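# Breakdown of the fold
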Amino acid sequence: LVLSDCFSATTLGTLLTTLQQHDSLLVQQQEVLQQLQAIACQQSVAPMTFATMGAIDWEAFAIDGTYYLAVANYRDGNDYTITSVIYQWTGSAFVAMQFIPTLGGHDWEFFTLPSASGGNTSDAYLAMANYASAVGVVDVDSVIYRWNGAAFMAVQSIPTRGAYSWAYFSIGGTSYLALANYWGSSEIFQWNGTAFARVQQLVTFGAADWEAFTIAGQQYLAVANSYRESDGSSDIDSVIYLWNGTAFAPLQFILTHGAWNWEAFEIAGNSYLAVANWINTAQQTDLNSVVYQWSGAAFVVLQNIPTHGGTSFSFFTIGSRSFLAGTNFGATGQHAINSGIYRWNGTAFTPSQTIATLGAFHWEPFQMDGITYLAVANHNDNAGTNVRVNSAIYVWNGCRF
């Protein structure tokens, strides 16, 4: 069957003309959509700003459908006994709903545990890593808080030595918290049904961060060792640990330079670890931070990313796109510096956007009602003398933040 058997030449000509006009209209519509998208991409949404005091960390979480953000305020000048703040989303803005006294607040960690009342319900918790009560006074308690339906209440205090970070994870239904102590050994705590009890100590050196992750059902922990006091070195090994059924044992030692943060993530079934290198023994901060890929037996270097006093990496996805956001703290007297967002191109991360930050310590990506946000913890001004600066939340506009 051919068209000429069914239609006259005139009719065929009319049909072809109509199809060509239709194709032309589709092209015009696509061009208009591209132009509108280009215009939208040029218009960024104004960031939400928050007055913070030496901010180190943001933690985003939700309880019963309500969104919250907790900021860890580190100090106000030389005063470490200040308050950190929990904000609640109203539908149009984050408003302060609780002020919690902290001692050099360094890290919030949100997690849930089976409810003490039983049933299939769970309780929400926040753990705060307190660094110091004053300059040089690092033997202070870090605190675990439980949500009571209206606010977070302290339920357990744990003695720590310059606590920098908590990491929550579970193994076979048992819950754990890993604590990074900057001074002395770091510790693993296990939930016993009523409280967290210490079950393991690990030798660490200026531990700045723990990252918990799994590969093929096995539990791993990565510690960011930043400084060895015995010889004043920042060029030291950070360590990947593997759970052996009863405890964590060293699996791999990776040379890092003032390592401040590990970020574990997966793309297309492959496992990766990114380390933010802050400063080396020679006090240089323009260094390569590194993305590693799991080979099946160890992590191998995939990519170097130039950073300027790198303090963190945060992985997130928007649709099918994968991103890695890195914060730059800068160098002495040079803290007004861009931090970068990188996009995965299938084989590596490439620069996607830079955002002006002030001594930035952490990006917190989160989503609310289908919209992606990035919160940055800005620590101090350009000179490094004033820690009363604004931190900010940026909104994804479809193309950029």
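The structure we're discussing is the one just above.
Let me sum up the structure you'll find in this document. Just so we're clear, the structure is a prediction, and the values are computed from it rather than from any experiment.

### Details of unusual backbone geometry
A positive phi angle is found at Asp64, which is not glycine, with a value near 50 degrees. With respect to the helices and strands, the residue Asp64 is situated in the loop between strand E2 (55–63) and strand E3 (66–73). Given a relative accessible area of 78%, Asp64 falls into the exposed group. For Gln283, which is not glycine, the phi dihedral falls at a positive 70 degrees. Mapped onto the elements of the fold, Gln283 is located in the loop between strand E19 (270–277) and strand E20 (286–294). Residue class for Gln283 comes out exposed when judged on its relative accessible area of 56%.

### Structural notes on the pattern of salt bridges
Scanning the model with the defined rule gives four salt bridges in all. In this structure, Glu187 engages Arg198 in a salt bridge whose closest nitrogen and oxygen atoms are separated by 3.0 Å. On the criterion of sequence distance, the pair formed by Glu187 in strand E12 (residues 186–191) and Arg198 in strand E13 (residues 196–202) is long-range, its members being 11 residues apart. Across the pair Asp231 and Arg228 runs a salt bridge, and its minimum N-O distance is 2.9 Å. Judged by its relative accessible area of 46%, Asp231 falls in the partly exposed class.

### So, the sheet that holds E2
The sheet built from four strands is open, its strands ordered E2-E3-E4-E5 with antiparallel pairing. Across the chains shown, the open sheet's two edge strands, defined by having one partner strand only, are E2 and strand E5 (94–103). Shown here is a sheet whose adjacent strand axes are inclined to one another by a mean of 20 degrees, direction ignored. Relative to E5, strand E4 (residues 81–89) runs antiparallel, the two sharing nine bridges. Considered in E5, the bridge of Gln88 is made with Val95.

### Focus: the pairing of strand E27 (residues 371–378)
Along E27, seven of the eight residues are buried, which leaves the element largely enclosed by surrounding structure. Bridge count for strand E26 (residues 360–368) against E27 is eight bridges, and the pairing is antiparallel. Bridging across to E27, Phe366 finds its partner in Tyr373. The antiparallel hairpin formed by E26 and E27 contains two residues in its connecting segment, where Asp369 sits at a positive phi of about 50 degrees. Bridge analysis of E27 against strand E28 (residues 388–395) gives four bridges, and the strand direction is antiparallel. Across the sheet, the residue bridging to Val376 is Ala392, located in E28.

### Section: the pairing of E19
Burial of E19 is extensive: seven of the eight residues sit out of reach of the surface. The hairpin formed by strand E18 (residues 259–267) and E19 contains two residues between the paired strands, and Ala268 there has a positive phi angle of roughly 50 degrees. Pairing of E19 with E20, which is carried by four bridges, proceeds in the antiparallel orientation. Paired with Val275 across the two strands is Val290, which belongs to E20.

### Some words on the sheet that holds strand E14 (residues 207–215)
Overall, antiparallel pairing links the four strands, which are arranged E14-E15-E16-E17 in an open sheet. Edge positions in the sheet fall to E14 and strand E17 (248–257), since each of these pairs with one other strand and no more. Adjacent strand axes in the sheet meet at a mean angle of 20 degrees, parallel and antiparallel pairs treated alike. In terms of strand pairing, strand E15 (residues 218–225) meets strand E16 (residues 235–243) through four bridges, oriented antiparallel. Across the sheet, the residue bridging to Val223 is Val239, located in E16.

Reading the values: the criteria
- Residues numbered from 1 in each chain as written.
- Predicted model: local features only at pLDDT ≥ 70, side-chain atom pairs only at ≥ 80, totals over all residues.
- Heavy atoms only, no water.
- Helix = DSSP H or I, 4+ residues; strand = E, 2+ residues; numbered from the N terminus.
- Buried < 20%, exposed > 50% of the residue type's maximum accessible area, 1.4 Å probe, protein only.
- Salt bridge = Lys/Arg side-chain N within 4 Å of Asp/Glu carboxyl O.
- Pairing = 2+ DSSP bridges.
- Axes fitted to C-alpha atoms, helices over the stretch in contact; angles between N-to-C directions.

Read these as layout, nothing more, since geometry by itself doesn't imply function.
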